[in-house]
Every structure is written in C-alpha cells, then in structure tokens.
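# Analysis of the macromolecular model
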Amino acid sequence: MLRAALVAAPLLMCPLAPAAAQAVVFDPSNYAQNVLQAARALQQVTNQITSLQNEAQMLINQARNLASLPYSSLSALQQSTQQTQQLLGQAQKIAYDVGAIDRAFQGQYGSVSLSTSDAALVTQAKTRWETTVAGLQDALRVQAGVVGNLDIGRTQASTLVGQSQAATGALQAMQAGNQLQALQAQQLSDLTAVVAANGRAQALSEAERATAVSEGQEHYRRFSTRSSYQSSAVTMFRGN
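Residues numbered from 1 in each chain as written. Predicted model: local features only at pLDDT ≥ 70, side-chain atom pairs only at ≥ 80, totals over all residues. Heavy atoms only, no water.

In the annotation of an unreviewed UniProt entry, the protein is listed under the name P-type conjugative transfer protein TrbJ and assigned to Xanthobacter autotrophicus.

Next up, the structure:
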C-alpha cells in the first residue's frame, strides 16, 4: 500500500494540460466565409481605384478640351483689313460717298449747259479726265494692296491648319476653325474692295464718255452757228 501511494503522489502533483491544447479544430465553413469576405473587400478596393482612375482621366480630358489655342491670327488679319480700308479711304476726287457723288454729277457730268462758256467747257473736260485717271489709279492701288495681302493670308491659313490638326482638345480645334473663318471673311472683304474699286473706275470712265458726247454736240452747235463758212461746189480735176 505504501509503495502504491508513493508512486501515485508525483502524478497528483503534475497539473493536467487543457483539452484545447491537445488538438486544433479546423472549420472549413468558417475559413471559406472569411476568404469570400476578403475577396469581396479586395474587389471593392479595386472598383474604387478604377473609379478614381476614370475620374482622373475625365478631368484630364476636360482640361484638354478647355485649353486655349496658343496661336492667334487676329493681329495679322486686322492689319490686312485696315490696309485695304485705308486704300479705299484714300480715293481721289470723287470718293465713296453718296452726297459727294451726287454733287459731282450735278456739276461736272450729264448734259452740258448752253450757257457755259468755252473756257468753262475746257476746264470741266479736264477735270473729268483727271477724275477718271484718278479712279483708275485708285483701282490699281487697291488691287496691289489686296495682292500683297495674299501672302499674309497664305501664311495664316497654313499655320491655322497646322494648329487645328495639332489641337489637343475641342476648344483648340474650335478656335482654329473660327480663325480660319475669320481669314476667309477678310479675303472676301478684300475681294469686295477690288470689285468696288474697279466698278468705280469703270463708272467714272463711262460717265466721262457720256458727258463728252453731250459736250461734243454743244461744240458742234456753237461752231455751226458762229461760223460764216458757206459750202460751195469744188471741182477737183478739170478736163482739157
């Protein structure tokens, strides 16, 4: 009995290990649920990153669309237009003014007055001739100015087309297109100026010609009434 007690005593003194430390329990269902939750969380983060990337790209595109064109042809177009306007404003004698035209035609063109002196007729004829020559000169000057603008227009058109093709956004492309339309309007204005100058020169020439006919008739009337010449038969050759 004593020996059995001595053997059992050490065993009673050693603490017993807990049951959980003896075996690890693996729950497949719980593990699968945890993995699914982690995958869902990762997908949400991925979606948020994609959304932020899309928003960033949208902001970049908006910035490009709102970027202003770094080139402007306005100064060159205004210079060409002002040059043509100055040439038209420098018209000699009868300018592009309705009142001035009416006054000139009342005094210098049309039917010649019977009471006008011979000296006045000569002076008026000279004035009309000078006006016609001035009109032709003005037309040539306008044509020369417009031809000079062609080189400027050609350079601007080439530059604007290049700017349009290299545009980074809608605003730049639209601005380049607007400037090309402004260039076309300026060239059309030059063409209108040439037509007006040529028409003015032609109208002055025709008016001078019409008045010269009336003046010639008056000169003939005065010559026929003042001359004491009487017609008579003249024998050019006599027979033997």
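Moving on, there is more to tell.
## As for the overall build of the protein
Convention followed: Numbering of helices and strands runs from the N terminus, with a helix taken as a DSSP run of H or I at least four residues long and a strand as a DSSP run of E at least two residues long. Exposure categories follow from relative accessible area, calculated using a 1.4 Å probe and restricted to protein chains: below 20% of the type maximum is buried, above 50% is exposed, and the middle band is partly exposed. Note on definitions: a residue-residue contact is assigned when non-hydrogen atoms from the two residues lie within 4.5 Å. All accessible-area figures derive from a Shrake-Rupley calculation using a 1.4 Å probe, and residue coverage is judged against the displayed protein chains alone.
From N to C terminus, the protein includes six helices and zero strands. In the protein, the succession of α and β elements from N to C terminus is α-α-α-α-α-α. Evaluated residue by residue, the protein yields a buried proportion of 20% over its 240 residues. Sequence separation of 24 or more characterises 85% of the internal contacts of the protein that already satisfy a separation of 6 or more. Of the roughly 17,500 Å² that the protein leaves accessible, carbon and sulfur atoms contribute 60%.

## Side note on the packing of aromatic side chains
Operational definition: Paired rings are identified among Phe, Tyr and Trp, the last through its six-membered ring, by centres lying within 6.5 Å, and are further divided according to the angle between planes into stacked (under 30 degrees), edge-to-face (over 60) and tilted (the rest). A ring has a charge above it when a Lys NZ or an Arg CZ is no more than 6 Å from the ring centre and no more than 35 degrees off the ring normal.
Summed over all chains, the structure comprises one aromatic pair. Judged by centre distance (4.6 Å) and plane angle (25°), the ring pair of F105 and Y109 falls under stacked. The residue whose ring lies beneath R200 is Y96, and the NZ or CZ to ring-centre distance is 5.3 Å.

## Here's the deal with the packing of helix 5 (residues 118-165) against helix 6 (residues 170-226)
Applied cut-off: Throughout, an axis means a line fitted to C-alpha atoms (over the contacting stretch in the case of helices), and angles, computed between N-to-C directions, take values from 0 to 180 degrees. By the definition adopted for this analysis, an angle is roughly parallel if under 35 degrees, roughly antiparallel if over 145, roughly perpendicular if from 65 to 115, and oblique otherwise. In this scheme the crossing of two helices becomes right-handed for a clockwise turn of the near helix relative to the far one and left-handed for an anticlockwise turn of less than a right angle. Gly falls in the polar group here, along with every residue not listed as nonpolar (Ala, Val, Leu, Ile, Met, Phe, Trp, Tyr, Cys, Pro) or charged (Asp, Glu, Lys, Arg).
Where helix 5 contacts helix 6, the two axes come as close as 9 Å, and the packing angle between them is 165°. With respect to their mutual orientation, helix 5 and helix 6 come out roughly antiparallel. Two packed elements cross with a definite hand, and for helix 5 against helix 6 that hand is left-handed. Classifying every residue of the contact of helix 5 with helix 6 gives 18 nonpolar, 15 polar and ten charged.

## Re the pattern of salt bridges
Here is the rule: Here, a salt bridge means any side-chain nitrogen of Lys or Arg that lies within 4 Å of a carboxyl oxygen of Asp or Glu.
All chains considered together, the criterion is met by eight salt bridges. Through salt bridges with shared partners, a single ionic network connects D118, E218, R221 and R222.

## Quick notes on a nonpolar patch on the surface
Here is the rule we go by: Each patch is built from residues that are more than 30% exposed by relative accessible area and take part in no salt bridge. Like charges join if they lie within 9 Å; nonpolar side chains (Val, Leu, Ile, Met, Phe, Trp, Tyr) join within 5 Å.
There is a patch of nonpolar side chains on the surface, built from F26, Y31 and V35 and spanning about 350 Å² of accessible area. Inspection of the secondary structure assignment puts F26 in the loop between helix 1 (2-13) and helix 2 (28-66).

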